[in-house]
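Results of the structural survey
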Amino acid sequence: MERPILTIKQAAKLLQVDPNTIYRWARAGKFPASKIGKEWRVLRSDVIKFLESKKKKNQFLTEAQEAELITALVGRREIPIKFEYLGEGADRYVSIYAPAVGGGSETEIIFDNKEHFLRYFEQKKFNLLDVGCGDGKKAAFFISHITRKASAYSALDISARMLDIAEQTIEISHPNLAFEKFIDDFEFGNIAHTTYYLHRRYQHNNLITFLGNTIGNTLDPHRVLINLRDSMGDEDLLLVGLAFHNPKNIPLVEYNQRSVIEWLWTIPEKIGIKRSDGNIEGIYNKTKRQFEHQLHFGKNWERMYGGSLIRFTKDLGKKDLTKLLVISARGGSAFG
Ligand SMILES: C[S@@+](CC[C@H](N)C(=O)[O-])C[C@H]1O[C@@H](n2cnc3c(N)ncnc32)[C@H](O)[C@@H]1O
């Protein structure tokens, strides 16, 4: 039977840390141990609670996101790319130096068709709701060049860090524009609670922008478009940067530059995969017509993550299961 009361050494063993660290924490009142005479004692249940409280503080993913990630890892051998934008992943993403990668050419398309857009947007005020806002630079460009009639700029994103970056961008480019941010996952359902709120708050229609091939990031673009449609009033507008578009024949090497690979290591490292365990390479998968990054393991790899065993091994049946995917432009995209 497990002992309910532990010594500091036993607690340290349970937590797999040096006992001196625990003594130090206990003396500083940072660990739930009590002094009985000259000896420290701690309840096993308090050690577990202590570990859980740490986990919450350091948690990168919410419990629901962790469940979704593990399901994708085990079920599809895939990292949903949306998780790569969380935390430091957001900073790594925005530091990728390649204006054309991820839809820079989209800005040019919008600019080249300025007159067409102006016909819609010059007449009325609207609330700009930027779904999957990224660093907010495309929205800033849109407000500056296409219309100055936005009554408010609202950013919606899965990543709190990305929303902060977008906020900084807009503060600099349009300091007097009302700004609101919404942390949400548009794959989970409609975002009518946000669009409805914006309607009432600003008394204008919404222009929803969904740019930068964010739709290519989603598991099921159809479902996401329905979610957006279900979030619109009859005079709201939706502008979608539809699919991966490569009119300038950007070579694959752009997608394999260090900053892109660095970004895509964000989630593998959170799971415990080390750089020495494998390589990430971007390819265009002609059969599936999708753009994907593959993490090739150099050796069999397995580890417990969030209570599940994750394995990337060659010896499971006949299948080669040594590949992990991050898909940035799902089936139907055009490359080259
Ligand atoms: C490819 S970037 C595009 C950024 C920006 N729209 C642009 O055109 O530069 C995708 C953005 O959508 C966000 N995103 C991806 N999947 C999401 C989801 N399911 N729910 C909410 N945001 C998501 C990412 O965090 C990131 O900011």
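Above: the structure in question.
These remarks concern the structure in this document. Note that the structure is a prediction, hence the values are computed from the model and not measured.

**Things to note about the sheet that holds strand β13 (residues 323-329)**
The sheet built from three strands is open, its strands ordered β9-β10-β13 with antiparallel pairing. With one partner strand each, in any of the chains shown, β9 (278-285) and β13 form the two edges of the open sheet. Adjacent strand axes in the sheet meet at a mean angle of 25°, parallel and antiparallel pairs treated alike.

**Here we look at the site of the ligand**
What surrounds the ligand is a group of 18 residues, the closest being Gly132, Lys138, Asp157, Ile158 and Asp185. In the model, a nitrogen atom of the ligand is placed 3.1 Å from a nitrogen or oxygen of the Ile158 main chain. At 3.3 Å from an oxygen atom of the ligand is found a main-chain nitrogen or oxygen belonging to Gly212. Starting from 600 Å² of accessible surface for the ligand in isolation, the protein chains cover 96%. For the shell around the ligand, the per-class residue count stands at seven nonpolar, five polar and six charged.

**Quick notes on the packing of helix α7 (residues 114-121) against helix α8 (residues 137-146)**
Here α7 crosses α8 at 80°, and the two axes come no closer than 10 Å. Between α7 and α8, the angle is such that the two are roughly perpendicular. Side by side, α7 and α8 meet where Lys114, Phe117, Leu118 and Phe121 of the first sit next to Phe142, His145 and Ile146 of the second. For the contact of α7 with α8, the residue count by class is five nonpolar, one polar and one charged.

**Focus on the sheet that holds strand β7 (residues 205-210)**
Whenever strands of a sheet pair, they do so through backbone hydrogen bonds, lying parallel or antiparallel. Spatial strand order, β6-β5-β4-β7-β8: five strands in an open sheet with parallel pairing. In this open sheet, the two edge strands, each paired with only one partner strand, are β6 (178-183) and β8 (237-240). Ignoring strand direction, the axes of neighbouring strands in this sheet form an average angle of 20°. Packing against the sheet, α8 makes contact with β4 (126-131), β5 (150-157), β7 and β8, and its axis sits at approximately 155° to β4.

**Considerations on helix α1 (residues 8-15)**
Those residues of α1 lying buried are Ile8, Ala11, Ala12 and Leu15. With its buried residues spanning 100° around the axis, α1 presents them on a single face. Along α1, exposed side chains directed more than 90 degrees from the buried face belong to Lys9 and Lys13. Remark: Gln16 follows α1 within two positions and exhibits a positive phi of approximately 55°.

Criteria and thresholds
Within each chain, residues carry numbers counting from 1 in the order of the written sequence. It should be noted that, the model being predicted, local features are given only for residues of pLDDT at least 70 and side-chain atom pairs only at 80 or more, the latter also being counted only at that level, while totals for whole chains, interfaces and linings use all residues. Heavy atoms throughout the structure, all of them, feed into the side-chain values; hydrogens and water do not. When DSSP locates at least two bridges between a pair of strands, those strands are taken to pair. Think of it this way: any DSSP run of H or I at least four residues long counts as a helix, any run of E at least two long counts as a strand, and we number them from the N terminus. Orientation is described by axes fitted as lines to C-alpha atoms, over the contacting stretch for helices, and by angles from 0 to 180 degrees between their N-to-C directions. Being near a molecule or strand, for a residue, means having at least one of its heavy atoms within 4 Å of it. Within 3.5 Å is the distance limit for a polar contact, defined as a pair of N or O atoms, with the added protein rule that one can donate a hydrogen and the other accept it, and that residues adjacent in sequence qualify only through two side-chain atoms. Shrake-Rupley sampling with a 1.4 Å probe provides the accessible areas, and residues are treated as covered by the protein chains on show and by no other component. Throughout this entry, Asp, Glu, Lys and Arg are counted as charged residues, while Ala, Val, Leu, Ile, Met, Phe, Trp, Tyr, Cys and Pro are counted as nonpolar. The remaining residues, Gly among them, count as polar. Comment on the angle field: the value is read as roughly parallel under 35 degrees, roughly antiparallel over 145, roughly perpendicular from 65 to 115, and oblique elsewhere. It only takes one pair of heavy atoms within 4.5 Å for two residues to be counted as in contact. Relative accessibility under 20% of the residue-type maximum defines a buried residue, over 50% an exposed one, and the middle range a partly exposed one, all with a 1.4 Å probe and only protein chains included. Summarising the geometry, the arc corresponds to the directions from the helix axis toward the C-beta atoms.

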